[in-house]
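# Architecture at a glance
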Amino acid sequence: MKTVEIKKGIYWVGVVDWNIRTFHGHTYTTKRGSTYNAYLIIDEKVTLVDSVYGPFAGELIERIREIVPVEKIDHIVVNHIEMDHSGALPELMKLCPKAKLFGTAKCKEGLSKMYYPEGGGTSGWDFQVVKTGDKLKLGKRTLTFIEAPMIHWPDSMFTYCAEEELLFPNDAFGQHYATSERFDDETDQCALMDETAKYYANILWPFSGMISRKIDEILKMSISIKMIAPSHGVIWRNDPMKIINSYISWTKNETKPKAVVVYETMYGSTAMMAMKIVEGLVDGGVEVKLFDIAISDKSEVNNQMLDAKAYIFGSSTHDNDMLSTIAGFLEFLKGLKPKNRIGAAFGSCGWAGGAIPALEQMMKEIGIEQVLPSISVKYVPDENELKKCCEMGAELAKKITGKA
Ligand code: FEO
């Protein structure tokens, strides 16, 4: 794949990782792969914005060489130190050891710890700490730095080029989406927005407050943004406000009339209850997603939870508690810090129903408002108990749609 000129004299020199299937350990499935985007600005000072994951250093270097000898790089902007964006730096710096790096104070601290001298070294790197509002003149163009702590690491930073009306926000506005196309308008829109939402739900959701404030800050700067070039996925050039508005909605935890039912079952009783609750919800006019969490992809479930108003959780009782897979999932969800959700709990047991109090406690910790009493069933639900599950779904539908 060749470099792509995204603006006159500015080139995408990143890599496409077609085969990556999990990210952040194994917490995030990347069924469509990913990209690590880096951008080369040819000006009086040749400047690289962002780098790539270490195993792809050779591909980055090869792509830079299509445009300019690597030794000619004067500046490297390090918007973020996470390894998928900084791993190639040690290899790169061997070829352009005099290049000056720019990043936040936390970036400098992190790089020093990650690439300590024995591991490739940062001690000889010329690093300039920058803060919000600091500018770097390249020649015809000037870069402005905007610190963006916790979007999504303490070191994170955005870089803006006013002359090109171009924002490099690193992880923000990204997607784990490997494509042969480089721009939003060239690719499948459903897949693009699905991956954009999944990325927000699993990576950025916990930082919604800070993201909201950062977007406000940028909008108040009255800067023109015609293109957003993130560090993962495709570049937004068609309508950058579309993705900014999606982010604004997600930061506000805006939802639609939708319910997600997540359960885990031992012998099928809890599953029977889940199906009846879904029946009531659907008949009540609500969009529903149902997941048996023991066989479901948790990062895809989180994706579905991003715009859902109601969360309904069910579990069989095991060792006087909920089952372990749903317990792990709820811990994951708690860390994502969803807000303004309503919900309910259900489950089955043999003798002592420990799952229900455990589910209720966890829903309380997550901050989900329990709007209906839980339903607990012994052994196998009978006709009357299944009817109650269906009624629970119908009642929830009324509360979700505001008809209660
Ligand atoms: Fe894509 Fe926070 O790294």
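See the structure printed just above.
A brief structural summary. (Residues numbered from 1 in each chain as written. Predicted model: local features only at pLDDT ≥ 70, side-chain atom pairs only at ≥ 80, totals over all residues. Heavy atoms only, no water.)

Further remarks concern the overall build of the chain. Regarding its fold elements, the chain presents 12 helices and 23 strands. Along the first, second and third principal axes, the C-alpha atoms of the chain reach 75 × 45 × 35 Å. Of the contacts formed within the chain by residues at least 6 apart in sequence, a portion of 73% connects residues at least 24 apart. Only carbon and sulfur atoms are counted for the fraction: they give 53% of the accessible area of the chain, which is about 16600 Å². On the chain, the mean spot of the 47 positive side-chain charges and the mean spot of the 53 negative ones are 4 Å from each other. (Helix = DSSP H or I, 4+ residues; strand = E, 2+ residues; numbered from the N terminus. Contact = heavy atoms within 4.5 Å. Areas by Shrake-Rupley, 256 points an atom, 1.4 Å probe, with all protein chains shown as cover. Lys, Arg positive; Asp, Glu negative; His and termini not counted. Charge placed at Lys NZ, Arg CZ, Asp CG, Glu CD.)

Our next topic: the environment of Ser374. Mapped onto the secondary structure, Ser374 falls in the loop between strand 22 (369–370) and strand 23 (375–378). According to the relative accessible area criterion, Ser374 is partly exposed, its value standing at 22%. With 277 residues separating them in the primary sequence, Ser374 and Pro97 have C-alpha atoms 63 Å apart. With residues near it in sequence (within four places) discarded, Ser374 still touches Ala345, Ile356, Glu360 and Met392. A polar contact is formed between the side chain of Ser374 and the side chain of Glu360, at a distance of 2.5 Å. (Buried < 20%, exposed > 50% of the residue type's maximum accessible area, 1.4 Å probe, protein only. Polar contact = N/O pair within 3.5 Å; in protein donor to acceptor, adjacent residues only side chain to side chain.)

Strand order across the open sheet formed by 5 strands is 12-13-14-15-16, with mixed pairing between neighbours. Of all the strands in the sheet, just strand 12 (135–137) and strand 16 (227–230) have a single pairing partner and so form its edges. Averaged over all pairs of adjacent strands, the angle between their axes in this sheet comes to 20 degrees, without regard to strand direction. By the bridge criterion, 5 bridges tie strand 13 (residues 142–147) to strand 14 (residues 157–161) in an arrangement that is antiparallel. Bridge assignment links Ile146 to a residue of strand 14, and that residue is Phe158. (Pairing = 2+ DSSP bridges. Axes fitted to C-alpha atoms, helices over the stretch in contact; angles between N-to-C directions.)

Another point: the environment of Val380. For Val380, the location among the structural elements is in the loop between strand 23 and helix 12 (383–401). Separated by 108 residues in sequence, Val380 and Met272 have C-alpha atoms that sit 8.8 Å apart. Leaving out residues up to four positions away in the same chain, Val380 has contacts with Ser269, Met272 and Glu385.

This paragraph deals with the pattern of salt bridges. In this structure the tally under the stated criterion is 23 salt bridges. Here Glu165 ties to Lys226 by a salt bridge, and the two come within 3.3 Å at their closest N and O atoms. One end of the pair, Glu165, is in the loop between strand 14 and strand 15 (166–170); the other, Lys226, is in the loop between helix 6 (208–220) and strand 16, and 61 residues separate them in sequence. Notably, a salt bridge pairs Glu391 with Lys387, separated by 3.3 Å at the nearest N-O pair. Of the two residues, Glu391 and Lys387 are both situated in helix 12; the distance of 4 residues between them amounts to about one turn of the helix. Through salt bridges that share partners, Lys31, Arg32, Asp194, Glu195, Lys198 and Glu300 make up one connected network. (Salt bridge = Lys/Arg side-chain N within 4 Å of Asp/Glu carboxyl O.)

Moving on: helix 7 (residues 240–251). Relative to the 16 Å expected for 12 residues at 1.5 Å per residue, helix 7 spans 17 Å between its end C-alpha atoms, a close match to the ideal helical length. Those residues of helix 7 lying buried are Pro240, Ile243, Ile244, Ser246, Tyr247, Trp250 and Thr251. Seen from one end, helix 7 has its buried residues packed into an arc of 155 degrees, which puts them on one side. Within two residues after helix 7, Asn253 carries a phi angle of roughly 55 degrees, on the positive side. (Expected span 1.5 Å × (residues − 1). Arc of directions from axis to C-beta.)

Another aspect to go through is the packing of helix 8 (residues 269–283) against helix 12. Look at helix 8 against helix 12: their axes get within 6 Å of each other, and the N-to-C directions meet at 40 degrees. With respect to their mutual orientation, helix 8 and helix 12 come out oblique. Relative to helix 12, helix 8 is oriented so that their crossing is right-handed. Each of Met272, Met273, Lys276, Ile277, Glu279, Gly280 and Leu281 in helix 8 lies in contact with helix 12, whose residues at this interface are Leu386, Cys389, Cys390, Met392, Gly393, Ala394, Leu396, Ala397 and Ile400. Split into classes, the residues belonging to the contact of helix 8 with helix 12 amount to 12 nonpolar, 2 polar and 2 charged. (Parallel < 35°, antiparallel > 145°, perpendicular 65-115°, else oblique. Left-handed = near helix turned anticlockwise from the far one by under 90°. Nonpolar A, V, L, I, M, F, W, Y, C, P; charged D, E, K, R; others polar.)

Further remarks concern the sheet that holds strand 8 (residues 47–49). Read across the sheet, 7 strands follow the order 1-2-7-8-9-10-11 without closing on themselves; strand pairing throughout is mixed. With one partner strand each, in any of the chains shown, strand 1 (4–7) and strand 11 (126–129) form the two edges of the open sheet. Across this sheet, the average inter-strand angle for adjacent strands is 25 degrees, counted without regard to direction. Two strands pair when backbone bridges link them, and strand 1 and strand 2 (residues 10–12) are joined in this way by 3 bridges, in the antiparallel orientation. Residue pairing across strands places Lys7 opposite Ile10, the latter belonging to strand 2. Packing against the sheet, helix 4 (residues 105–114) makes contact with strand 10 (100–103) and strand 11, and its axis sits at approximately 150 degrees to strand 11.

Moving on: a nonpolar patch on the surface. Taken together, the side chains of Met272, Trp351, Tyr379 and Val380 define a hydrophobic patch exposed on the protein surface, amounting to about 510 Å² of accessible area. If you trace the backbone, Met272 turns up in helix 8. In this structure Met272 comes out as partly exposed when scored by relative accessible area, which is 34%. (Patch = residues over 30% accessible without salt bridge, like charges linked within 9 Å, V, L, I, M, F, W, Y side chains within 5 Å.)

This next bit is on the packing of aromatic side chains. Under the counting rule described, the total for this entry stands at 9 aromatic pairs. On the numbers, 5.7 Å between centres and 50 degrees between planes, the contact of Tyr247 with Trp250 is tilted. On the criterion of helical spacing, the pair formed by Tyr247 and Trp250 is a turn pair, its members being 3 residues apart in helix 7. Relative accessible area serves as the criterion here: at 1%, Tyr247 is assigned to the buried category. An aromatic cluster is defined as three or more aromatic residues linked by ring pairs; in this entry it consists of Phe173, Tyr200, Tyr247 and Trp250. Directly above the aromatic system of Trp12 lies the positively charged group of Arg182, at a separation of 4.5 Å from the ring centroid. Sitting over the face of the ring of Phe183, Arg237 holds its NZ or CZ atom 3.8 Å from the ring centroid. (Phe/Tyr/Trp six-rings, centres within 6.5 Å; stacked < 30°, edge-to-face > 60°. Lys NZ or Arg CZ within 6 Å of the ring centre and 35° of its normal.)

By themselves, these figures tell us nothing about what the structure is for.
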